[in-house]
Structures are given as structure tokens and as C-alpha cells.
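Working through the structure, step by step
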Amino acid sequence: MLELPVDLYRHVVEDANGDTSVLRALCLTSRRFYLEASRALYATLQLNDRAQAIMAVNSLNSNSRLAQLVQSFALRTSSEFYDLSGLIAPLIGAIQLMVNLQRLELHYLWASDPFVGDSTRYRGGVAWTRSLRVPQISTLITETTITKPIGTLFGELPCPLPRLETRQPLNVSCIDGINTVCCERVYGRHMEPLRELKQLELRNLDTYPYNGPDWAPNLEAVAIVTDPAHSDGVEWDALSVHTGSLRKIRKIGPICHPSIAALTPELSGFQQLQMIVLVIPRIEYRDFMVTQAERMRTVAPALRCIVLAAQPNSGRHIKEVTIWEYEESGVAMPGEWTSRSESVEDWNSTALGLLRVE
């Protein structure tokens, strides 16, 4: 059979748009199609129950090439440990064969109740992942309750772990050694500063640590993960009570405020602030001018970017933002504010993308 250029095989596979039925059919067409289609078929692997997990684990452990193709792996079994009973050793073996794994999602980590235990080292539960070594991942996602430092629940994680995601609240003592944490909220205290923490993505600030900014001395950004059905950002009053702990922040938002004029003097507590994302009344959004941007920069001299969105009408979503950026002109020369508008498909994604620490 005449062999076609590799690019043509890849083009056909890309046209499948991840359709697993098409990719499986292509795998049966020829060896060349098998090599290309299997790469797309196994790049993302999601297992939703025990039966799927057994089939996948057996396949991966018997064919290491397939395991090496996996870049994103999700195990979404229930929170009942019996779903993994008898499967832990082969499951760990299969995951450790995924040498190109970047995104690991494990909904449940515990092999015993995390809230029950004796006075031994097992107090607070035992994680079935405690011998799992995944030093190559960039993102860890879990929905389990975390009651211990995340690094102690695995045999090996990257140091630092680039990103941890969960919808659970997290005690700050559990997030040492992580660059970015996305969770419901953070609370508590930690004896030593969390020097690796650079970004927080939180659903609320209710229990944000009050013990000054030094609990996370290198924290650069605090982003609010919004629920469009209820709010497009955190109210300023809920944030301002934490000014002492947030005063070294460089990026923050989205923040809802009824008046730019009233907000401006309150920015004096954020002398290192470089970017702020604001949701303001439509008339304030429409009438915002360079002079207002400059007043804000006078109060917060490090400010270089103001992202504005108009509060949408009830039942509607934010569809546009205006980004004001300050550009330095040179030594002893005043800078200049410029603005541009961008459309918004998803407000959360847009705001988090703007606030993300590189």
C-alpha cells in the first residue's frame, strides 16, 4: 500500500475533532492511521466508574506506548473507596507510565475516612495516592476534602506544584509548595511563610487570613471566581476589610463598585497594585476617561492596567471589557494611557486570564 505523507494522516485525524468513534475507526484503517489516531485518542483519558477504570488500567499496563500518549488523565469515581478496591496497585502503575502527563484529576484520594483515626501517623485518613510519583504534572485537580499538606498525600509531586484546583475550602497549612491555588476559600494559619504561592483563585474571601501579607510574601494575584447567576465579582466592602493582608498584591479582581470616584482614594492601601479588574455601573463604564485613570494611578502609583466591565442587566452576562493600559514614555517624560475594547464569551475565563501570573 502506498504510504502518504505524515502530514496528511495528521490532517485527517485533526478533522475528527476528537470524535472517539471516528478515531477508533481510523485506528483500524492502517498502521500509519493507528499511530496518528491513537495519539489523539489517548491524549485525554477520562474514567467515570470502576468498569471503565479496570479496562483502561489493563490496556495501559499492557501497552506502555499508549500510556506515554496520555497528557490529561481524570479518574472520576465516586467518593466510596470500594470503587478502587483491588485496583490501586495497577492504577498507580498505569499512571506512572504516563511520562507525558500534564493534567491529573483524581476526585477522591482517601483510602480511609479523613476525619477518623487514632493517635498514630494515620490520624486523619490515609491517601491511596501516597506511593504515586508524578513529578512531571503541571495541574492537579481533586474534589476530595484535604486535611493534610498536599505534598504528603503523594509519593512525589513537582516542587513547586504549578497548579492545584478544588471546589473545597483549603487550610493554608495544606497548600505549601504550590504556585497557584484555585479553591472555594482559604482559611487558617501556617507557621512558616508560603513562599511558593503566587496566585489565588477564590470563590469568596470570607475567611481570608488576617495575619498580614507575610503569610504568603510572594503572592502576586488574587482572582475571584465568579458565579454569573449571582455575581460578576466581589463587592468592594467584602474585600476592603482584608486590605492589610492584600496590600502587597499586584493583580486583583473582579471587584464590583458603584463609583470610580469613591473607589479611587481607597486604592491608597494597595501601593504595589499593577492591575485591577472592575465591574461598574453602565453609566460609569461609558463615561470613564483618561483623567480618572490618572487619578487612580496617582493614588496607587504602580497601577499600569485597569480592566473595566459594565454591570449587565438582570439575566444578562458581561459581553465586553475595556482595557486601559499605561505606557511609560521615558525618563522625566509623562506616560500615556491607551484603551482598547475586547468582546467576552465567558466572563470567568476572561477575568482569570487577565489576572493570571505568568
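Rules used in this analysis
Residues numbered from 1 in each chain as written. Predicted model: local features only at pLDDT ≥ 70, side-chain atom pairs only at ≥ 80, totals over all residues. Heavy atoms only, no water. Buried < 20%, exposed > 50% of the residue type's maximum accessible area, 1.4 Å probe, protein only. Helix = DSSP H or I, 4+ residues; strand = E, 2+ residues; numbered from the N terminus. Pairing = 2+ DSSP bridges. Polar contact = N/O pair within 3.5 Å; in protein donor to acceptor, adjacent residues only side chain to side chain. Contact = heavy atoms within 4.5 Å. Arc of directions from axis to C-beta. Salt bridge = Lys/Arg side-chain N within 4 Å of Asp/Glu carboxyl O. Phe/Tyr/Trp six-rings, centres within 6.5 Å; stacked < 30°, edge-to-face > 60°. Lys NZ or Arg CZ within 6 Å of the ring centre and 35° of its normal. Core = buried A, V, L, I, M, F, W, Y, C linked by side-chain atoms within 4.5 Å.

Burial within strand 13 (residues 275-280) is extensive, with 6 of its 6 residues counted as buried. Side chains Met275, Val277 and Val279 of strand 13 all project onto a buried face; the interleaved residues Ile276, Leu278 and Ile280 project onto the opposite face, where all are buried too. Here 6 bridges tie strand 13 to strand 14 (residues 305-310), and the two strands are oriented parallel to one another. Following the sheet pairing, isoleucine 276 is matched in strand 14 by isoleucine 306.

Turning to the side chain of glutamine 292, a few remarks are in order. Position of glutamine 292 among the secondary structure elements: in helix 11 (residues 290-299). Residue glutamine 292 is classed as buried on the basis of its relative accessible area, which comes to 15%. A polar atom in the side chain of glutamine 292 sits 2.8 Å from the backbone nitrogen of methionine 289. The contact partners of glutamine 292, leaving out residues within four places of it in the chain, are Ile260 and Asp287.

For an α-helix the count is 3.6 residues per turn, leaving residues at separations of three or four pointing the same way. For helix 6 (residues 88-96), the complete set of buried residues consists of Leu91, Ile92, Ala94 and Ile95. Taken end-on, helix 6 shows its buried residues confined to a sector of 160°, consistent with a single buried face. Elements that come into contact with the buried residues of helix 6 comprise helix 4 (50-62), helix 5 (64-69) and strand 2 (72-75).

Turning to the pattern of salt bridges, a few remarks are in order. Summed over all chains, the structure comprises 14 salt bridges. Where glutamate 165 meets arginine 163, a salt bridge forms, and the shortest distance between an N and an O atom there is 2.6 Å. The exposure class assigned to arginine 163 is buried, which follows from its relative accessible area of 15%. Between arginine 297 and glutamate 294 there is a salt bridge whose closest N-O contact spans 2.7 Å. With arginine 297 and glutamate 294 both in helix 11 and 3 residues apart, this pair spans about one turn of that helix. Judged by relative accessible area, which is 17%, arginine 297 ranks as buried.

This next bit is on the packing of aromatic side chains. For the structure on display, the rule yields 4 aromatic pairs. Residues tyrosine 208 and tryptophan 215 carry aromatic rings whose centres are separated by 5.8 Å and whose planes lie at 80° to one another, so their mutual orientation is edge-to-face. Arranged with centres 5.3 Å apart and planes meeting at 65°, the rings of phenylalanine 288 and tryptophan 324 form a pair that is edge-to-face. Of this pair, phenylalanine 288 sits in the loop between helix 10 (282-287) and helix 11 while tryptophan 324 sits in strand 15 (residues 320-327), placing them 36 residues apart in sequence. For the pair shown, phenylalanine 288 and tryptophan 324 are each scored as buried. Positioned above the aromatic ring of tyrosine 326, the side-chain terminus of arginine 297 is 4.1 Å from the ring centre.

Moving on to the nonpolar core. Phe73, Phe154 and Ile306 are the most contacted members of the largest nonpolar core, which has 83 residues in total. Residues contacting isoleucine 306, with those up to four places away along its chain left out, are Ile276, Leu278, Phe288, Ala293, Met296, Thr322, Ile323, Trp324 and Trp337. Counting 19 residues, the second-largest nonpolar core is a separate cluster that includes Cys182, Val279, Val344 and Leu352.

Attention now goes to the environment of glutamine 68. Assignment of secondary structure puts glutamine 68 in helix 5. Residue glutamine 68 is classed as partly exposed on the basis of its relative accessible area of 37%. Residues glutamine 68 and arginine 39, spaced 29 residues apart in sequence, show a C-alpha to C-alpha distance of 9.2 Å.

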